[in-house]
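Architecture at a glance
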Amino acid sequence: MATKPPTGDPVQDAPRVGEAQHAAAGLPAVAHSLLVARQQMGVVRTAQTLLKVNQKNGFDCPGCAWPEGDERHTAEFCENGAKAVAEEATLRRVTPDFFAAHPVADLATRSGYWLGQQGRITQPMYLPEGAERYEAIDWERAFDIIAEELRALDSPDEALFYTSGRTSNEAAFLLQLFAREFGTNNLPDCSNMCHESSGSALTETIGIGKGSVTLEDLHRADLIIVAGQNPGTNHPRMLSALEKAKKAGAKIISVNPLPEAGLERFKNPQTPLGMVRGTALNDLFLQIRIGGDQALFRLLNKMILQTEGAVDETFVREHTHGFEEFAAAAREADWAETLTATGLDRETIEKALAMVLASKRTIVCWAMGLTQHKHSVPTIREVVNLLLLRGSIGRPGAGVCPVRGHSNVQGDRTMGIFERPSPAFLDALDKEFGITSPRHHGYDVVRSIRALRDGDAKVFIAMGGNFVAATPDTDVTEAAMRRARLTVHVSTKVNRSHAVTGTRALILPTLGRTDKDVQASGKQFVTVEDSMSMVHASRGNLTPASPHLLSEPAIVARLARAVLGPGSATPWEEFEKDYATIRDRISRVVPGFEDFNARVARPGRSGSGRRGSRGRGVPRRPSTRSRGRCTRRRRGRGRGRPPG
Ligand SMILES: Nc1nc2c(c(=O)[nH]1)N[C@H]1C(S)=C(S)[C@@H](COP(=O)(O)OP(=O)(O)OC[C@H]3O[C@@H](n4cnc5c(=O)[nH]c(N)nc54)[C@H](O)[C@@H]3O)O[C@H]1N2
Ligand SMILES: Nc1nc2c(c(=O)[nH]1)N[C@H]1C(S)=C(S)[C@@H](COP(=O)(O)OP(=O)(O)OC[C@H]3O[C@@H](n4cnc5c(=O)[nH]c(N)nc54)[C@H](O)[C@@H]3O)O[C@H]1N2
Ligand SMILES: [Mo]
């Protein structure tokens, strides 16, 4: 049994504003997550799912990309993760009757919350030209419509293939393969709006667009700086890692215009004492002015340069280049300007500097507060330079930690969902499949919107996400989307993007992480990569919301067959039958995934192993140790496809 979704009455459903909280997690969070779970999933499914979240034989939480440690608790999820699971595993259903009762114009008036609360979509739905309502359609016909529209394009570059970051590695690999075999690199994704600046700044500075630390590193750090991030709400399990680091002696500085409750006091629900008392995580709070981070880190770098013995000379000499150029720029930093830009006082900045200087192993974690500014790339470069100056990269307990958002956003990029793929990646793909991928760059999110607006793109296909709600200029985006000939959404739940359609539209319902995925060769699992570059298997165990659902890999495989026809030598049918055959191909195309099938068969995490012996499995990528550079504006080696 499950409770009813919201009423649709804007007054009854409206959010309420209360007092600001000063602690995060704790007993209320546990109670609330269980309540939400039970309301959406009922008692049996609650037990079936919540005991499997982030377990070695279970599924990866769709809530966020924070990694799990090797030791697992019975309850390895947070309040928001439980909500994310409940939203997917809900017993509520959106059937063809729902679409009959709610014309598209009605859906367009509903709030995102209301739409999301209606439940799981059960059948493929089609909006014919001029129709007011979506109607049920069978899969064959749906794929035929897409094939018809794609084949009618003047150029493959008139098609757009968007990905949101929950898509598994297997589905993402197939999608980019299909797009490239079809003839385009138009693979915009949600990272374009999220950590793109981290990917760019890290590629420029350390040569690879990803973080360099593991969970174990956090536990060993002397100092952790959390800049522009609200882990209490968005990555609650990170608070346990910070608490553990703190118990081992780490200091924590947070840099944020707001005092975020989770960093003020964390009530760890895994321990009885933690639940009652909580831990104050912050040692120093820098209540910075919005956008002031670049000035702050630049001044800290100047102070490090001016402090006798503060620069790790050996590290800088052996592992970086461009030092003089960087140092000259940092020396220009000025106290008065920095105080204005940051809104901080001199004493507070000096306290932060003293903590940086006292630390041998520093980690900087950041998220949207740093990545979503116009000057995000130079800001993140300053952050990296601080770590390089102190030799805090490539050393245990030290490094860069961009905290990713969607649960497989990093993996999707690793699999080639990127509008600007490296030639090396395309060469490997072409060699493996005997295709000729286009070499010119595709459209990112903003360019995709412009292309739709200007009539240069005519078919929009989304693997998950909520494009019109997630993108920056809603009015422009919605007008652009309405100009498309066909819009297609592979989705689990209804959202705003289903109500803003092209001339024709399709909704293709798919399995989620929590669902059991059985194909011709038997039960399948998929893989995901977390924020710390660890790759692991994810197995759903619930009976799917309806017998009509197809998995994401199956949808891409069938779509590819419908569009490319017998002319394609790619074994799409085999891929659909057995995902291990997809992983075999990944292991031959994506560097670091050698022996992929054998490695994911082991329970737990496999992958990265940045420092050789410490990681399990084969290193996914070379050590960052020898790749650091103090740099102000240099191109990276172009190897890593930066996760956004
Ligand atoms: N429950 C839940 N969890 C999620 C998601 C979700 O939708 N729901 N989304 C996931 C996704 S996709 C992402 S990307 C992550 C996002 O995770 P976060 O980046 O933690 O999310 P935001 O809420 O955007 O928090 C931005 C933080 O930056 C601060 N800030 C704003 N401007 C500045 C600035 O100029 N300087 C500094 N230093 N700080 C600033 C804000 O006060 C806020 O604390 O969360 C993931 N987790
Ligand atoms: N106003 C505003 N805009 C933002 C942000 C913000 O904080 N505020 N954050 C930005 C950031 S950081 C990001 S990452 C983007 C996110 O942008 P998107 O990823 O495009 O948006 P989401 O809202 O996360 O997408 C949710 C939808 O994904 C579908 N879905 C959920 N699970 C699955 C699944 O397993 N498979 C498939 N196929 N579909 C699934 C459901 O239909 C659900 O409605 O938005 C960006 N835009
Ligand atoms: Mo994000």
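Please read these numbers as outputs of a predicted model, since none were measured by experiment.

1. Describing the pairing of strand S18 (residues 526-529)
Burial of the side chains of S18 extends over both faces: Val526 and Val528 are buried on one face and Thr527 and Glu529 on the other. Relative to strand S19 (residues 534-538), S18 runs antiparallel, the two sharing four bridges. Opposite Thr527, over in S19, you have Ala537 as the bridge partner. In textbook terms, the turn of a hairpin is the stretch between consecutive antiparallel strands, and for S18 and S19 this stretch comprises four residues, one of which, Ser533, has a positive phi near 65°.

2. Comments concerning the site of ligand 2
With respect to spatial proximity, 19 residues lie near ligand 2, and among them Tyr162, Ser164, His406, Ala470 and Glu552 are the closest. Notes on ligand 2: free accessible area 930 Å², of which the protein chains cover 70%. Considered class by class, the residues forming the shell around ligand 2 number six nonpolar, 10 polar and three charged.

3. Details of the packing of aromatic side chains
In the structure shown here, the tally under the stated rule is 16 aromatic pairs. Ring plane angle 80° and centroid distance 5.6 Å describe the contact between Phe161 and Phe178, whose orientation is recorded as edge-to-face. Of this pair, Phe161 sits in strand S6 (residues 159-163) while Phe178 sits in helix H8 (residues 169-182), and the two are 17 residues apart along the sequence. The buried category is assigned to Phe161, whose relative accessible area is 0%. A network of ring pairs unites the aromatic residues Phe161, Phe173, Phe178, Phe182, Phe433, Trp572 and Phe575 as a single cluster. Above the plane of the ring of Trp335 lies Arg346, whose end atom (NZ or CZ) is 4.1 Å from the centre.

4. Brief notes about the environment of Met481
Along the polypeptide, Met481 turns up in helix H26 (residues 474-482). Through-space distance from the C-alpha of Met481 to that of Ser497 is 9.1 Å; in sequence the pair is 16 residues apart.

5. Side note on the pattern of salt bridges
Proximity of charged atoms lets side chains of opposite charge pair with each other. Tallied over the entire structure, the rule returns 31 salt bridges. For Asp515, the salt bridge is made with Arg120, and the minimal N-O distance between the two is 2.8 Å. You can see Asp515 sitting in the loop between strand S15 (504-509) and strand S16 (518-519) and its partner Arg120 sitting in strand S3 (residues 120-121), a full 395 residues away along the chain. Of the two residues, Asp515 and Arg120, both sit in the buried class.

6. Quick word on the site of ligand 1
The environment of ligand 1 is formed by 25 residues, the closest being Asn234, Asn256, Glu260, Gly291 and Asp293. In the environment of ligand 1, a nitrogen atom lies 3.5 Å from a nitrogen or oxygen atom belonging to the backbone of Gly369. Burial of ligand 1 by the protein chains amounts to 74% of its free accessible area of 920 Å². Mapped onto the shell around ligand 1, the elements with two or more residues apiece are helix H11 (231-234) and helix H20 (368-371).

7. Some remarks on the state of the cysteines
If you walk through the whole model with that rule in mind, you get zero disulfides. With no disulfide of its own, Cys401 lies closest to Cys365 among cysteine sulfurs, the gap being 3.8 Å. In this structure Cys401 comes out as buried when scored by relative accessible area, which is 2%.

8. Structural notes on the sheet that holds strand S4 (residues 125-127)
Either a parallel or an antiparallel arrangement is found when strands of a sheet pair, and the pairing is made through backbone hydrogen bonds. Overall, mixed pairing links the six strands, which are arranged S5-S4-S15-S14-S13-S6 in an open sheet. Strands at the two margins of the open sheet, each flanked by one partner only, are strand S5 (135-136) and S6. Looking at chain direction, S6 and strand S13 (residues 459-463) are connected through five bridges and run parallel. Within S13, the position partnered with Tyr162 by the bridge is Ala462. On top of the sheet, helix H7 (residues 139-151) reaches S4, S6, S13, strand S14 (486-491) and S15; it is set at about 135° to S15, its chief contact. Sheet strands touched by H8: S6 and S13. Its angle to S6, the strand with the most contacts, is close to 170°.

Basis of the calculations
Residues numbered from 1 in each chain as written. Chains lettered and ligands numbered in written order. Predicted model: local features only at pLDDT ≥ 70, side-chain atom pairs only at ≥ 80, totals over all residues. Heavy atoms only, no water. Buried < 20%, exposed > 50% of the residue type's maximum accessible area, 1.4 Å probe, protein only. Helix = DSSP H or I, 4+ residues; strand = E, 2+ residues; numbered from the N terminus. Pairing = 2+ DSSP bridges. Near = heavy atom within 4 Å. Areas by Shrake-Rupley, 256 points an atom, 1.4 Å probe, with all protein chains shown as cover. Nonpolar A, V, L, I, M, F, W, Y, C, P; charged D, E, K, R; others polar. Phe/Tyr/Trp six-rings, centres within 6.5 Å; stacked < 30°, edge-to-face > 60°. Lys NZ or Arg CZ within 6 Å of the ring centre and 35° of its normal. Salt bridge = Lys/Arg side-chain N within 4 Å of Asp/Glu carboxyl O. Polar contact = N/O pair within 3.5 Å; in protein donor to acceptor, adjacent residues only side chain to side chain. Disulfide = S-S within 2.5 Å. Contact = heavy atoms within 4.5 Å. Axes fitted to C-alpha atoms, helices over the stretch in contact; angles between N-to-C directions.

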